[in-house]
Structure formats: structure tokens, C-alpha cells
Amino acid sequence: METGTWKVKSGLAQMLKGGVIMDVVTPEQAKIAEQAGACSVMALERVPADIRAAGGVARMADPKIITAIMKTVSIPVMAKCRIGHFAEAQVLEALGVDYIDESEVLTPADEDNHIWKRDFNVPFVCGCRDLGEALRRIAEGAAMIRTKGEAGTGNIVEAVRHMRAVQGGIRKLQALPVNELTAEAKNLGAPLELVLEIHKTGKLPVVNFAAGGVATPADASLMMQLGADGIFVGSGIFKSSNPEKMAKAIVKATTHYTDASIIAEVSKELGAAMPGLDIKVIPPEELLATRGW
Amino acid sequence: MRIGVLALQGAFIEHIRMFSILGAEAIPVRLPSELNGLDALIIPGGESTSISKLLYDYELMTPIRKLIQKGFPLLGTCAGMILLAKKVDGLDSEPIGVLDIEVKRNAYGRQTDSFETDLDMPFLGDEPFHGIFIRAPVIERVNPGVEILCQLDDNMVAVKQGKTVACSFHPELTDDPRFHRYFLSLVTGDVIATSSRR
């Protein structure tokens with residue numbers, strides 16, 4: 001009997017596919033998310049929109065909040081640690097969380113090195129902006145990938161950019177002759193072995209979710225149609241005017257993402273989505289997606 | 001033959017891939033109309049709470065229960081097994097309820113307790129079958145009429161009742177099609193050679 005294997009780590013992400021992972025900051029919110037059909041929750045102290053507003057250093061959540069949420073719901077519970085902060089990750093693993101998000105939403109602890117995730121029994125999800133970044137994280141042991149998007153903005157534009165970059169990168173690798181793949185691995189800054197694998201299979205070796213800016217059912221459908229395996233919604237649920245209804249609507253839109261009449265139905269009278277933010281008005285030093293490499 | 005794979009949430013593509021390898025047509029099912037003309041239905045792994053809510057929201061529960069009354073073959077893996085059970089510890093909505101068993105969710109603990117191990121299933125051949133258990137449920141009790149297909153230590157992890165099969169583990173995450181082939185043989189009524197992995 002072997003625990004913490006690659007199969008069980010990447011396998012849990014496969015079980016989350018077609019589902020919605022929701023950010024929650026209290027056990028009550030976690031219950032609402034579970035009742036709405038979320039396949040997992042991300043336990044936080046603050047949602048990204050509030051982290052953005054508060055400024056300062058954002059760290060791992062209080063273990064008490066995470067534990068309370070784990071006790072309240074039966075679906076998998078994820079939690080975030082800072083990029084490179086392997087001690088926070090060790091704490092989260094000790095708490096028994098089901099997945100760790102090494103996240104650019106928190107203030108990075110190490111600007112050079114991401115966590116060496118293969119040492120852990122608990123699986124990790126990491127953000128990416130393009131194929132090279134995705135493959136670097138997978139090489140370190142990430143068993144699940146998500147787009148970074150631009151968290152806390154309610155603006156889907158960056159998530160779309162990142163998803164298209166990943167998918168485009170995969171198509172390019174498939175089209176290239178094998179004798180040009182070493183050079184492409186160098187361009188991507190990605191391990192050749194993974195580059196060769198994608199050339200052959202035409203897909204990432206792990207599940208890839210969309211994150212960072214999803215605020216409506218149509219946003220979820222857009223990302224699924226662009227090739228996402230599932231959806232993370234951060235501030236989009238509990239910063240909307242009717243969280244319960246929004247949560248249910250985004251779950252249905254993710255399942256029935258190609259059925260526009262269902263998306264139309266669930267989009268009716270949702271109330272106000274979270275307030276949006278134009279990426280261009282954010283000072284470059286406050287962008288979250290550029291954290292990590 | 002046409003196999004439907006419930007595609008509301010979870011690892012449905014993996015089942016579709018496995019049936020394709022075996023030469024059976026497998027299609028995703030999201031709406032009641034897509035249940036027409038099927039020879040069997042697969043309930044995949046995923047989150048049982050998410051899947052069960054979507055089953056009710058899109059009115060799939062009643063037509064599936066109607067099919068069951070006619071002895072329609074079903075295969076449930078992990079969350080799928082939870083949804084096929086008549087009694088479930090820790091699920092707040094009513095499962096499909098076709099298998100006369102009692103199931104406990106997350107029986108082995110959380111993700112860090114998820115594991116892989118070899119399973120002994122002589123009806124699949126001499127070679128052990130590789131079991132991948134992810135936040136897996138176990139069968140705590142079986143009622144008469146249910147056949148135990150596999151035990152791991154003291155836990156029942158695969159059962160059969162009529163033409164319905166369920167297991168705690170994920171045969172769809174392996175490259176070994178024997179478990180799926182066994183299910184297909186129940187659907188068609190064929191006797192299969194059990195020894196080959198190919």
C-alpha cells in the first residue's frame with residue numbers, strides 16, 4: 001500500500017474535472033459552496049479582491065479557519081501557501097488539507113525558487129501564464145495546473161490570455177518535427193522529457209483548470225470551451241450580490257458549458273456580479289500574475 | 001453496443017477512453033434525452049455531492065431509476081459506487097439506490113491517506129489488478145443478493161448485483177481494461193476469457 005504517489009495526486013485532480021472550486025473564508029460559506037455543488041473549496045482568510053484591497057504581506061490562512069472548514073464539509077479542502085514557502089506547505093500538509101495551492105495571490109516568499117513539490121505526500125496545484133511555466137511547475141511535482149489570470153479583478157481577460165497561451169503552446173509542440181523540440185524546450189524553459197511527451201500526446205500530463213477573473217456563468221463556459229478542465233472561482237461568488245445563486249449558476253454552466261440555452265437560463269436574475277477591475281488601471285507592481293516564473 | 005457515461009462532473013473522459021480501447025461506443029450523458037438507446041450507464045468517479053445535485057437539478061434521477069427497474073446494467077466507480085448504493089453514510093441527498101449495500105464515504109481518510117495497491121480478483125485472471133484508491137469509500141454492509149467481487153484486508157471494495165457492478169477504486173485511471181471488459185461481458189451476456197490483459 002503506497003500513499004502520496006503520482007497516480008493518487010494527479011488522480012484527485014482528475015476527479016475534480018468538470019467541477020467548480022470555490023474560495024471560502026468561513027465554514028458557513030464552505031457549506032453554501034458544497035450545497036451549490038462545488039467539487040472542492042479553497043479555505044482562505046480573505047478572498048483575492050480583499051487581499052488586493054488590503055495590500056501588505058498576504059500569508060497562509062490561520063490553521064484554525066482551515067480546520068473549521070475541513071470539519072464542516074465532506075468535499076476536498078484546498079489551502080494556499082506562498083510561492084517558495086515550503087514551511088507553510090509543511091504546516092498545511094500536517095493539517096491534512098487535500099490540495100495545496102502554491103499561489104501568486106499570496107506574497108511570494110522566494111523570488112527564485114518554487115517549492116520542490118515532489119517531497120510532499122499532499123498534491124499541489126500551481127498557476128501558470130504559458131506552457132513553459134506550466135511544465136516547470138509539473139517538473140517540480142505539481143499534480144494540477146491552473147491559469148493565473150488576474151485574481152480579484154472579476155476580469156476574465158488574463159485567464160483567457162493564459163489559457164490560449166498554454167493551448168497554443170501545446171499545438172505548436174505537436175506540429176514541430178522532433179528534431180526541433182530541443183530548441184523549443186530551450187525557448188520554453190521547460191524540461192525536454194515533458195516537451196517530448198506533449199509532442200506525442202497533445203495534452204498536458206495533468207489537469208488544467210481556469211482561474212483568476214471568473215465572475216459569471218458565461219465566463220466559466222468561455223474558459224471550458226477554451227480547453228479548461230474545470231473552474232476556480234475566487235472572489236466571484238462571495239463578492240456577488242447573491243452568492244448562493246451565483247454559485248449554483250456557475251456549477252451548472254461548467255457542466256453544460258457547450259449548451260448556450262442552459263447558460264442563458266442560469267444567467268437570469270443573478271443580481272450584481274462582483275465589481276470588476278480593468279487590468280490597465282492596476283499599477284504593474286500590483287499585478288499578481290507576474291509573481292513567480 | 002452503446003455505453004453512456006454520466007458526464008456531469010468527474011473523470012468521465014477516462015471511462016470513455018477505456019471503452020473505446022475495448023471497441024465499444026461510449027458517449028457522455030448530461031441530459032435525460034441522452035439516456036435513450038443506451039445499453040448500459042457508467043457513473044464515474046468525481047465528487048458525489050456535486051454529481052448528485054446535478055442529477056436532481058436536471059431531472060436525471062427519475063429516468064435512471066426507471067431504467068434500473070428493467071435490470072439496466074450500471075457500473076459505478078468511487079463516487080459512482082456511492083451514488084448506486086441504497087444507503088450512504090455522509091451524503092445529504094438521496095442516492096440512485098440500486099445496489100443493496102451500505103457505503104461509507106471517505107472511509108480511508110483524507111487525500112494524504114489515498115493509496116495504490118494490488119488487488120486479488122481471480123475472475124479477471126491470475127495477474128493482480130492495480131487498485132487506485134482516492135479519498136475512497138468502502139462497502140460496510142451487503143444484503144442478500146449482492147456478490148462480493150473484491151476485498152482488501154477487512155474491507156469490501158467491489159461488488160456485483162445482477163448486472164450492476166461497483167467498486168471503491170478507479171479502474172479507469174489504469175491502463176488495464178480487464179475490469180471494464182468484465183462489465184461489458186455482463187452487459188452482452190458473453191463469457192470472456194479472463195486471463196489476458198490486452
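Model, not experiment: these values are computed from the prediction.

(A) Here's a closer look at the overall build of chain A. Check the secondary structure of chain A and you find 13 helices and 9 strands. Relative to the 2.2 N^0.38 estimate, which gives 19 Å for 293 residues, the radius of gyration of chain A is 18 Å and therefore close to what a compact globule would have. Overall, chain A is about 55 × 45 × 45 Å in size when its C-alpha atoms are taken along their principal axes. Here chain A holds 293 residues, and 59% of them are scored as buried. Look at the contacts in chain A between residues 6 or more apart in sequence, and 67% of them connect residues 24 or more apart. As displayed, chain A has an accessible area near 11,300 Å², and 52% of this comes from carbon and sulfur atoms. Here chain A holds 32 positive side-chain charges and 35 negative ones, and the gap between their average locations is 2 Å.

(B) Seen up close, the overall build of chain B. A count of helical and extended segments in chain B gives 5 helices and 12 strands. Computed over the C-alpha atoms, the radius of gyration of chain B is 15 Å, within 12% of the 16 Å expected from 2.2 N^0.38 for a compact globule of 198 residues. Across its three principal directions, the C-alpha atoms of chain B cover 40 × 35 × 30 Å. For chain B, the proportion of its 198 residues judged to be buried stands at 61%. Long-range pairs, those at least 24 residues apart, make up 62% of the contacts in chain B between residues at least 6 apart in sequence. Of the roughly 7,500 Å² of accessible surface on chain B, 47% is carried by carbon and sulfur atoms. If the 20 positive side-chain charges of chain B are averaged to one point and the 26 negative ones to another, these points end up 5 Å apart.

(C) Broad picture of the sheet that holds strand β8 (residues 129–133) of chain B. Spatially, 3 strands are ordered β1(A)-β7(B)-β8(B) in an open sheet, and the strand pairing comes out antiparallel. Sheet topology places β1 (2–3) of chain A together with β8 of chain B at the edges, where each strand pairs with a single neighbour. Across 2 bridges, the pairing between β1(A) and strand β7 (residues 115–119) of chain B is antiparallel. By the bridge assignment, E2(A) is partnered in β7(B) with E116(B).

(D) View of the pairing of strand β4 (residues 77–82) of chain A. Residues and elements named next belong to chain A. Counting buried residues in β4 gives 6 out of 6 residues, a clear majority hidden from the surface. Pairing geometry for strand β3 (residues 40–43) and β4, over 3 bridges, is parallel. Following the sheet pairing, V41 is matched in β4 by V77. When β4 meets strand β5 (residues 99–103), the two strands line up parallel, connected through 5 bridges. Each residue of the ladder has a partner; that of A79, found in β5, is I100. Of the crossover connections in this fold, the one passing from β4 over helix α5 (residues 86–95) to the parallel β5 is right-handed.

(E) Inspection of the interface of chain A and chain B at higher detail. Contacts between the two partners involve 41 residues from chain A, matched on the other side by 39 residues from chain B. Together, the buried faces of chain A and chain B total about 3,100 Å²; carbon and sulfur atoms form 55% of this surface. Note that R135(B) is salt-bridged to D98(A), the shortest N-O span being 3.1 Å. Where chain A touches chain B, the interface holds 23 residue pairs in polar contact (both at pLDDT 80 or more). When residues of the side of chain A that touches chain B are traced back to their parent elements, those giving at least two are β1, α1 (6–16), α2 (27–36), α12 (243–255) and α13 (260–266) of chain A.

(F) Quick peek at the packing of helix α7 (residues 157–175) of chain A against helix α9 (residues 192–201) of chain A. Residues and elements named next belong to chain A. Between α7 and α9, the shortest axis-to-axis distance is 8 Å and the interhelical angle comes to 80°. Comparing the axis directions of α7 and α9 gives the class roughly perpendicular. Residue-level contacts link I170, L173 and Q174 of α7 to V195, I198 and H199 of α9. Residue composition of the contact of α7 with α9, grouped by class: 4 nonpolar, 2 polar and no charged.

(G) Molecular detail of the sheet that holds β4(A). Residue and element names in this part refer to chain A. Read across the open sheet, the 8 strands follow the order β8-β7-β6-β5-β4-β3-β2-β9; overall the sheet is parallel. Edge strands, defined here as strands with exactly one partner in the open sheet, are β8 (207–209) and β9 (231–233). On average, each strand axis in the sheet is inclined to that of its neighbour by 30°, with strand direction left out of account.

(H) Highlighting the packing of aromatic side chains. All names here are of chain B. Across all of its chains, the model carries 11 aromatic pairs over all chains by this definition. Centroid distance F115 to F133: 4.6 Å. Interplanar angle 10°. Geometry classified as stacked. Note that F115 is positioned in strand β7 and F133 in strand β8, a separation of 18 residues in sequence. Of the two residues, F115 and F133, neither departs from the other in class, the shared state being buried. Centroid distance F169 to F179: 5.7 Å. Interplanar angle 75°. Geometry classified as edge-to-face.

Cut-offs and rules
- Residues numbered from 1 in each chain as written.
- Chains lettered and ligands numbered in written order.
- Predicted model: local features only at pLDDT ≥ 70, side-chain atom pairs only at ≥ 80, totals over all residues.
- Heavy atoms only, no water.
- Helix = DSSP H or I, 4+ residues; strand = E, 2+ residues; numbered from the N terminus.
- Rg over C-alpha atoms; globule rule 2.2 N^0.38 Å.
- Buried < 20%, exposed > 50% of the residue type's maximum accessible area, 1.4 Å probe, protein only.
- Contact = heavy atoms within 4.5 Å.
- Areas by Shrake-Rupley, 256 points an atom, 1.4 Å probe, with all protein chains shown as cover.
- Lys, Arg positive; Asp, Glu negative; His and termini not counted.
- Charge placed at Lys NZ, Arg CZ, Asp CG, Glu CD.
- Pairing = 2+ DSSP bridges.
- Right-handed = clockwise from strand over helix to strand, strands pointing away.
- Buried area = accessible area lost by both parts, 1.4 Å probe.
- Salt bridge = Lys/Arg side-chain N within 4 Å of Asp/Glu carboxyl O.
- Polar contact = N/O pair within 3.5 Å; in protein donor to acceptor, adjacent residues only side chain to side chain.
- Axes fitted to C-alpha atoms, helices over the stretch in contact; angles between N-to-C directions.
- Parallel < 35°, antiparallel > 145°, perpendicular 65-115°, else oblique.
- Nonpolar A, V, L, I, M, F, W, Y, C, P; charged D, E, K, R; others polar.
- Phe/Tyr/Trp six-rings, centres within 6.5 Å; stacked < 30°, edge-to-face > 60°.

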